[in-house]
Amino acid sequence: MKETIQASFSYLEGTSYEIGRRQGEEIKKNPVAKNTVLSVKPIDEAKCKDMELISP
């Protein structure tokens, strides 16, 4: 079975505080993102390495 990944991208301007605040507001609106960001489970090292490969 294939794993489905949903992603969204945005261009953010402002101070680091303003950007972080906007990101937090968007995460609060998305239950999946909220659970991922606030997860207490350890992050799988292989998945972390995969994310590093696609980071700009």
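Just so we're clear, the structure is a prediction, and the values are computed from it rather than from any experiment.

### Observations regarding the overall build of the protein chain
Across its full length, the protein chain carries 3 helices and 0 strands. Listing the helices and strands of the protein chain from first to last along the sequence gives α-α-α. Within the structure as shown, the protein chain displays about 6000 Å² of accessible surface, and the carbon and sulfur contribution to it stands at 57%.

### Re the pattern of salt bridges
Applying the stated criterion across every chain yields a total of 2 salt bridges. Measuring nitrogen to oxygen at the nearest pair gives 3.5 Å for the salt bridge that ties glutamate 25 to lysine 28. Residue glutamate 25 and its partner lysine 28 are both found in helix H1 (residues 16–29); the two are separated by 3 residues, about one turn of the helix. Here glutamate 25 falls in the partly exposed class, since its relative accessible area comes to 33%. Among the ionic pairs, lysine 29 bridges to glutamate 26, the shortest N-O distance being 3.2 Å.

### A few points about the confidence of the model for the protein chain
Confidence in the prediction of the protein chain, expressed as mean pLDDT, is 78, and 80% of residues score 70 or more. The secondary-structure element of the protein chain with the lowest mean pLDDT is helix H3 (residues 45–54), recorded at 64, while H1 shows the highest, at 89.

Procedures and definitions
- Residues numbered from 1 in each chain as written.
- Predicted model: local features only at pLDDT ≥ 70, side-chain atom pairs only at ≥ 80, totals over all residues.
- Heavy atoms only, no water.
- Helix = DSSP H or I, 4+ residues; strand = E, 2+ residues; numbered from the N terminus.
- Areas by Shrake-Rupley, 256 points an atom, 1.4 Å probe, with all protein chains shown as cover.
- Salt bridge = Lys/Arg side-chain N within 4 Å of Asp/Glu carboxyl O.
- Buried < 20%, exposed > 50% of the residue type's maximum accessible area, 1.4 Å probe, protein only.
- pLDDT = per-residue confidence, 0-100.

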